[in-house]
Amino acid sequence: MISNLKVNFYYFRFFYRYLKLKIILISIVSLMVGLLDGIGLAMFIPLIQLAFGIDSNNKYQDRISNFILENFHLEIDLLSVFLVIVILFSIKAIFKFLESFLRVHYQQIFMRKVRFENIDLLSEFDYQKFVVTEAGKIQNNLSSEVNRLSIAFRLYFKTIQISILVIVYLGLAVFTDWRFTILVVLGGVIMNFVFLIFYKRTKYFSKKFSSESNVFQGLLMQKINNFQYLKATGLNRSFGKQLKSKIFDIEAFQKKLGIVEASLGALREPFAIAIVSISILIYSKFIADDIASIILSLLLLYRCLTYFLAMQEQWNLFLGVSGSLNAVNDFNSMLIKNKDSSGENKFKGLKNSLNLRNVDFGYHNGNPVLKNINLSISKNEILAIVGESGSGKTTLMNIIAGILKPSQGEYLVDNYNFGGIEAESFKRRLGYIVQNPVIFNDTIFNNISCWLPKTSENLDKFWKAAKKASIYNYIQSLPDKENTLLGYNGINISGGQKQRFSIARELFKDSEILFMDEATSNLDSETEFEIHNNIKNLKGEYTIVLIAHRLATVKSADRIVVLNNGHIEDIGTYNYLIENCSEFKRMVNLQML
Ligand SMILES: Nc1ncnc2c1ncn2[C@@H]1O[C@H](COP(=O)(O)OP(=O)(O)OP(=O)(O)O)[C@@H](O)[C@H]1O
């Protein structure tokens, strides 16, 4: 019982977090609907009595209509009773409309808030945590589970609204004849205990449904992301089999949910009829034979019971999707717990240098990846990082870019601790060109401008960036030029072109610190030469941190950092390192340059 209350309070708190006092307002409106309906219903007793001339003493036998007629000093005749009924049901109709309207309106507000919150939280999600979080879980929670949550909202509020009606009818029934009411309520309580077993099963299957959907979405994403590979290697079908088997698992839980819901639906009515019949028998045999109150009580209790059954049905349907509420809430808490930390001070541009002091770093598994890194990058310097695969180049670059935080030591931007800088203002000045360039399924213009309006000023900037990234001629050769669609993940263009597009995007952004990870690994020698000429042309204008496996491409750097197994082996110009760093010399020899 207590744990049930706790769970219900958990659901309530979840919705209250987004809607606050709106929940109270919607409850008040439902209360009005119930009160107006119940009182209106009670007025039928004097109406019948007057119409059939049953009562001769101007005294009506049910307490509700007596209360209304006496307190409002109404004439006790057929017309005024009739008018009262019409007025009550008309006002009820207005509240009923308001009730449905508010539910839909608040549902929209609620969903918007949840979606916006998730989008913001995901933007601020800590990178280190992101890489160890199942992609399917993120995808499923942000799409399917949020959609199920919308259904959960509707069902939850329907349940609340209906339960208010149940309470109102019950109250009115108690007011009319408390003994008969107690008999029916006792029956209802017994019935509820029987149904608790069904509710438990529904909740369990709903949770299983959510977790299986997470796995399914993860598999689906992998299939889409690795489509080319799976197709080429013929693994497409066997991967498809995995997806199909997950569909069977999901179906199985859906079916079980359906069976529980169907059983509940079928059992409710016979149970209810039995309760009412037994109550009438007991009442007439052992308690009293007050026909007028029992008729009104029956009317009210019948409505109460109908709503009670509807409430149970809605509640069970809600439990069927309540897994989504747990899933979204857990996902939300995880995002909140792993929010990127950000300082207060706005970054207004690099003045002198970026500095790492005695920096150590390890991922979640604890293995040290970087050890005692001391490095200073001057404004407008081109710094290249080289080293064997796995030596920590990307990790080091991600620390300088602020995506990863040092486990030990300090990262200073112009002598200010990085932690004190507002993350967003720093990121706005960063350009990041990754190993697998990010291409959106959109036009070339939107891919480079990141959805800025196509004004002549932006268009001018766009072509300048395209020229700098050596992609100008290619765009001009296309029939639709900058309006050409690039396809999902740039499926229509080559690896080299993808990289040039992403370079153009960063140059468009007016970034002042550029990070390039293997930016030239997929380019043919001619384009590579061109890009490196362009990088040289950027010299003095941008601070560039560059990772390259092909050592010829780092010749244009001012300094090169040689990383070896997580520590800095040496730093210097290309010529200095050839002379003084055996590790660098070995790497160059290996590449036979
Ligand atoms: N998310 C992660 N979780 C745990 N360990 C990681 C993670 N990313 C990288 N590592 C480990 O950290 C070490 C350094 O990886 P990093 O990617 O920085 O090397 P790299 O020099 O850039 O390699 P490559 O040239 O192959 O890209 C490797 O041992 C790698 O396995």
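Rules and cut-offs
Residues numbered from 1 in each chain as written. Predicted model: local features only at pLDDT ≥ 70, side-chain atom pairs only at ≥ 80, totals over all residues. Heavy atoms only, no water. 1 Å grid on protein atoms, 1.4 Å probe; cavity = no way out; pocket = protein on both sides within 12 Å on 5 of 7 lines; lining within 4 Å. Points joined across faces, edges and corners; volume = space filled by probe spheres on them. Helix = DSSP H or I, 4+ residues; strand = E, 2+ residues; numbered from the N terminus. Nonpolar A, V, L, I, M, F, W, Y, C, P; charged D, E, K, R; others polar. Domains from an automatic or database assignment. Phe/Tyr/Trp six-rings, centres within 6.5 Å; stacked < 30°, edge-to-face > 60°. Buried < 20%, exposed > 50% of the residue type's maximum accessible area, 1.4 Å probe, protein only. Pairing = 2+ DSSP bridges. UniProt positions renumbered as here; feature names shortened; annotations may be inferred. Axes fitted to C-alpha atoms, helices over the stretch in contact; angles between N-to-C directions. Parallel < 35°, antiparallel > 145°, perpendicular 65-115°, else oblique. Left-handed = near helix turned anticlockwise from the far one by under 90°. Contact = heavy atoms within 4.5 Å. Near = heavy atom within 4 Å. Polar contact = N/O pair within 3.5 Å; in protein donor to acceptor, adjacent residues only side chain to side chain. Areas by Shrake-Rupley, 256 points an atom, 1.4 Å probe, with all protein chains shown as cover. Core = buried A, V, L, I, M, F, W, Y, C linked by side-chain atoms within 4.5 Å.

By the naming in an unreviewed UniProt entry, the protein chain goes by ABC transporter ATP-binding protein and is assigned to Christiangramia salexigens.

Draft legend 1. Spatial organisation of the layout of surface pockets. In this structure, the largest pocket spans a volume of roughly 2200 Å³. Along its surface, the largest pocket is lined by 50 residues, and Tyr127, Phe130, Tyr432, Val434 and Val438 are the ones closest to its centre. When contributions to the lining of the largest pocket are tallied by element, the ones reaching two or more residues are helix H5 (78-123), helix H6 (127-131), helix H7 (135-142), helix H9 (178-225), helix H13 (393-400), helix H14 (423-427), strand E6 (430-433) and helix H18 (495-508). Class assignment of the residues belonging to the lining of the largest pocket gives a composition of 21 nonpolar, 19 polar and ten charged. Residues from two domains meet in the lining of the largest pocket; each of domain 1 (9-17 + 112-337) and domain 2 (353-590) gives at least three.

Draft legend 2. The packing of aromatic side chains, seen in detail. Counting across every chain of the model gives 35 aromatic pairs. Taken together, a centroid distance of 6.3 Å and an interplanar angle of 45° make the contact between phenylalanine 205 and phenylalanine 253 tilted. With phenylalanine 205 in helix H9 and phenylalanine 253 in helix H11 (residues 236-287), this residue pair connects regions lying 48 residues apart in the sequence. We note that phenylalanine 205, like phenylalanine 253, is buried. Judged by centre distance (6.3 Å) and plane angle (40°), the rings of tyrosine 432 and phenylalanine 515 are tilted.

Draft legend 3. Looking closely at the pairing of strand E4 (residues 408-413). Where strand E1 (residues 353-362) lies against E4, five bridges are found, and the strand directions are antiparallel. Bridge assignment links leucine 354 to a residue of E4, and that residue is valine 413. Relative to strand E5 (residues 416-417), E4 runs antiparallel, the two sharing two bridges. Across the sheet, valine 413 pairs through a bridge with tyrosine 416, a residue of E5. From the end of E4 to the start of E5, which pair antiparallel, there are two residues, and aspartate 414 there has a positive phi angle of about 50°.

Draft legend 4. Broad picture of the UniProt feature "transmembrane region" (unreviewed entry) in the protein chain. UniProt marks residues 21-52, 72-95, 155-174, 180-199 and 294-310 with the feature "transmembrane region" (unreviewed entry), using the numbering shown here. Its end C-alpha atoms 28 Å apart, residues 180-199 is made of 100% helix and 0% strand. Between the C-alpha atoms that bound residues 294-310 the distance is 23 Å, and the span itself is 100% helix and 0% strand.

Draft legend 5. Structural detail: the environment of leucine 142. Mapped onto the fold, leucine 142 is located in helix H7. For leucine 142, a relative accessible area of 30% corresponds to the partly exposed category. Here the alpha-carbon distance between leucine 142 and valine 328, two residues 186 residues apart in the chain, equals 8.1 Å.

Draft legend 6. Molecular detail of the environment of glutamate 251. Within the secondary structure, glutamate 251 sits in helix H11. For glutamate 251, a relative accessible area of 43% translates into the label partly exposed.

Draft legend 7. Examining the packing of H7 against H9 more closely. For the pair H7 and H9, interaxial distance at closest approach is 7 Å and the crossing angle is 115°. The angle between H7 and H9 places the two elements in the roughly perpendicular class. Judged by the twist between their axes, the crossing of H7 over H9 is right-handed. Residue-level inspection shows Ala135, Gly136, Lys137, Gln139, Asn140 and Asn141 of H7 in contact with H9, the latter providing Ser210, Ser213, Asn214, Gln217, Gly218 and Met221. Classifying every residue of the contact of H7 with H9 by side-chain character gives two nonpolar, nine polar and one charged.

Draft legend 8. Structural view of the site of the ligand. Close contacts around the ligand come from 14 residues, with Ser389, Gly390, Lys393, Thr394 and Thr395 the closest. The side chain of serine 389 places a nitrogen or oxygen atom 2.7 Å from an oxygen atom of the ligand. One of the side-chain N or O atoms of threonine 394 is found 2.5 Å from an oxygen atom in the ligand. Within the complex, 64% of the 630 Å² of free accessible area of the ligand lies under protein. Top contributing element to the shell around the ligand by residue count: H13, with three residues. Residue composition of the shell around the ligand, by class: three nonpolar, nine polar and two charged.

Draft legend 9. View of the packing of helix H8 (residues 144-176) against H9. At a minimum axis separation of 14 Å, H8 and H9 run at an interaxial angle of 175°. In terms of axis orientation, H8 runs roughly antiparallel to H9. On H9, the residues touching Ser144, Glu145, Arg148, Leu170, Ala173, Val174 and Thr176 of H8 are Trp178, Thr181, Val185, Ser206, Phe209, Ser210, Ser213 and Gln217.

Draft legend 10. Main features of unusual backbone geometry. Positioned with a positive phi, asparagine 372 is a non-glycine residue whose angle comes to about 45°. Tracing the chain through its elements places asparagine 372 in strand E2 (residues 368-378). Notably, asparagine 565 is not glycine yet its phi reads approximately 50°, a positive angle. Within the element layout of this structure, asparagine 565 appears in the loop between strand E9 (559-564) and strand E10 (567-572).

Draft legend 11. Structural detail: the sheet that holds E2. Spatially, the four strands line up as an open sheet ordered E2-E1-E4-E5, and their pairing is antiparallel. Where the open sheet ends on each side, the last strands, each with one partner, are E2 and E5. With seven bridges connecting them, E1 and E2 associate as antiparallel partners. Of the residues in E2, the one forming a bridge with asparagine 355 is serine 376. Strands E1, E2 and E4 of the sheet are contacted by H13, whose axis makes an angle of about 55° with E2.

Draft legend 12. Geometry of the sheet that holds strand E8 (residues 543-547). The strand order across the open sheet formed by six strands is E6-E7-E8-E3-E9-E10, and the pairing between neighbours is mixed. The two strands at the open ends of the sheet, each matched to only one other strand, are E6 and E10. The mean inter-strand angle of the sheet, taken between neighbouring strand axes irrespective of direction, is 15°. The strands touched by H18 within the sheet are E6 and strand E7 (513-517), with E6 carrying the most contacts at an inclination of about 180°. On top of the sheet, helix H21 (residues 582-590) reaches strand E3 (382-387), E9 and E10; it is set at about 95° to E9, its chief contact.

Draft legend 13. A look at the nonpolar core. Phe15, Phe110, Phe157 and Phe318 are the most contacted members of the largest nonpolar core, which has 75 residues in total. With 16 residues, the single largest contributor to this core is H8. Non-local contacts of phenylalanine 15, meaning those with residues more than four positions away in its chain, are made with Lys20, Ile23, Phe110, Ala152, Phe153, Tyr156, Phe157, Phe318 and Leu325. Counting residues in hydrophobic clusters, the runner-up holds 40 residues, among them Val386, Phe462, Ala466 and Ile475.

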